Amino acid sequence: MSDNFGFSNRRNLAEKIGAIAPGAKDDAAVAVDRIDDVGERHGFVSREPDAPFRRDKSVGPTVTLHTRVPVRVATPFQRFCEANRYSYWEGIEELMKRAGLIG
Amino acid sequence: MPVVAFANPKGGAGKSTAALILAQTFARAGAGVTIVDADPNRPILDWRSGASGSSIRVIGDATESSIVRLVTEERARQQFVFVDLEGSASRLVSRAISRADLVVIPLQASAVDARQASRAVALVQEEEETLGRRINFRILLTRTSPLIATKLEREIVAVLQAAALPQFGVHLNERQAFKAVFARRLALDELDAGHVSGIAEAMANAEKLADELIDVLAPAQEAV
């Protein structure tokens, strides 16, 4: 509806929206770490926990060995693993390397 | 293209409500709008899971490391990108503000909200210096009575004016319909007038605010 005072010349919301187009803007000039420094000065610090450290356990395909071992063999083997902080399979691997059976 | 971040380190200030109501209003007027929901409670993502036919696109997996990329990608795709930020002082908030064309700082008329809002203002002002460009910001009073301003509300408005802090002339009023959009997961114009009162008044309030917002954005767009 028109009026005599020019108020109806004001663009409506849809017309104003039509003037805005999607588009990129190059504001990557300032490195994020500089923004982080500013944030930290104002108490805007990281609230995300660090990802927990996980050991790389990828050792390839595995099989399970069940064996009854004489105590005279088991006891020094367990002491060897304990002293070197080996798991049992790592202890076996180390002894086989020393025997030249694996590289 | 404009990126509008809604920030106040105080929770419950009205960030999500303002972001969603404004996005709905722009979408209803034909705009392409994305909301990046960076609030850990995911209120906008929860709203999107409902039956609303609104065209608003919602992205909910924003993190410190992804926020800048998400905003950059969406601004190239959509007419408007709104970032609903978490109610805490975090690095994610700081990074999002650095990519914003406008920071809307909602606050209820309470001393706690106002003090936390002042932290957001200080951050915006120093980021401006670091970036060497203007980051427009506006304070938005939320949950105000449409009928009468409380004494505290008048005091806070006077303090903002005395400090020359820019604020929206339009407030986001306390309206049952604004709460109902979250509860029913619908847009304002999809609510059932038989169950929710004041829908027309809420839509009128939202449209006035949207109109003021786009006028605030216009000079920044022309400068790009």
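Look up a bit, the structure's there.
These notes cover the structure that comes with them. Worth saying up front: this structure is predicted, and the values here are computed from it rather than measured.

Topic: the nonpolar core
Moving on, step 1. Counting residues in hydrophobic clusters, the biggest one holds 47 residues, and the most contacted among them are B:F26, B:F80, B:F82, B:L188, B:L191 and B:L213.
Moving on, step 2. Sort the elements by how many residues they give to this core and helix α8 (residues 199-223) of chain B lands first, with 10 residues.
Moving on, step 3. Setting aside residues up to four positions removed in sequence, B:F26 forms contacts with A:L13, A:I17, B:A31, B:V33, B:F80, B:F82, B:A210, B:L213 and B:I214.
Moving on, step 4. Within the second largest apolar cluster, 39 residues are counted, among which are B:A38, B:A62, B:V68 and B:F137.

Notes on the side chain of B:T34
All names here are of chain B.
Moving on, step 1. Summarising the element assignment, T34 is placed in strand β2 (residues 33-38).
Moving on, step 2. A polar contact is formed between the side chain of T34 and the side chain of E74, at a distance of 2.7 Å.
Moving on, step 3. With near-sequence residues (within four places) excluded, T34 lies in contact with R57, I59, E74, Q78, F80, V81 and F82.

Thoughts on the pairing of β2(B)
All names here are of chain B.
Moving on, step 1. With respect to burial, β2 is a largely interior element, six of its six residues being buried.
Moving on, step 2. On β2, burial covers both faces: V33, I35 and D37 on one face and T34, V36 and A38 on the other are all buried.
Moving on, step 3. As judged from the six bridges shared by β2 and strand β4 (residues 80-85), these two strands associate in the parallel manner. Each residue of the ladder has a partner; that of T34, found in β4, is V81.
Moving on, step 4. Here three bridges tie β2 to strand β3 (residues 57-59), and the two strands are oriented parallel to one another. In the strand pairing of β3, I35 is matched with V58.
Moving on, step 5. This β-α-β element, β2 to helix α2 (residues 43-48) to β3, shows right-handed connectivity.

Side note on unusual backbone geometry
Moving on, step 1. The backbone phi angle of A:R85 is positive, close to 55 degrees, even though this residue is not glycine.
Moving on, step 2. Tracing the chain through its elements places A:R85 in the loop between α3 (71-84) and α4 (88-98).
Moving on, step 3. Using a relative accessible area of 75% as the deciding quantity, one classes A:R85 as exposed.
Moving on, step 4. One non-glycine residue, B:A164, adopts positive backbone phi at about 55 degrees.

With respect to the interface of chain A and chain B
Moving on, step 1. At the junction of the two partners, chain A supplies 29 residues and chain B supplies 41 residues.
Moving on, step 2. Note on chain A versus chain B: buried area summed over both sides is about 3300 Å², and carbon and sulfur give 58% of it.
Moving on, step 3. At the surface where chain A touches chain B, the tally comes to six salt bridges.
Moving on, step 4. Linking chain A with chain B are 15 residue pairs in polar contact (both at pLDDT 80 or more).
Moving on, step 5. Looking at the side of chain A that touches chain B, the elements with two or more residues in it are α1 (13-18) and α2 (32-41) of chain A.
Moving on, step 6. Per-element accounting of the side of chain A that touches chain B gives the leading share, eight residues, to α2(A).

Regarding the pattern of salt bridges
For side chains of opposite charge, pairing can occur when their charged atoms come near one another.
Moving on, step 1. Evaluation of the coordinates by the stated rule reveals 17 salt bridges over all chains.
Moving on, step 2. The salt bridge involving B:E73 is made with B:R69; its shortest N-O contact spans 3.6 Å. Highlighted residues: B:E73 and B:R69, both in helix α3 (residues 67-77), separated by four residues, approximately one helical turn.
Moving on, step 3. B:R69 gets classed as partly exposed once you look at its relative accessible area, which sits at 45%.
Moving on, step 4. A salt bridge links B:R77 to B:E74; the nearest nitrogen and oxygen atoms lie 3.2 Å apart. Here B:R77 and its partner B:E74 are both found in helix α3, three residues apart, which amounts to about one turn of the helix.
Moving on, step 5. Residue classification places B:E74 among the buried residues on the basis of a relative accessible area of 1%.
Moving on, step 6. In the salt-bridge network here, residues are joined through shared partners; they are A:D36, A:E40, B:R91 and B:R95.

Rules and cut-offs
- Residues numbered from 1 in each chain as written.
- Chains lettered and ligands numbered in written order.
- Predicted model: local features only at pLDDT ≥ 70, side-chain atom pairs only at ≥ 80, totals over all residues.
- Heavy atoms only, no water.
- Core = buried A, V, L, I, M, F, W, Y, C linked by side-chain atoms within 4.5 Å.
- Buried < 20%, exposed > 50% of the residue type's maximum accessible area, 1.4 Å probe, protein only.
- Helix = DSSP H or I, 4+ residues; strand = E, 2+ residues; numbered from the N terminus.
- Contact = heavy atoms within 4.5 Å.
- Polar contact = N/O pair within 3.5 Å; in protein donor to acceptor, adjacent residues only side chain to side chain.
- Pairing = 2+ DSSP bridges.
- Right-handed = clockwise from strand over helix to strand, strands pointing away.
- Buried area = accessible area lost by both parts, 1.4 Å probe.
- Salt bridge = Lys/Arg side-chain N within 4 Å of Asp/Glu carboxyl O.

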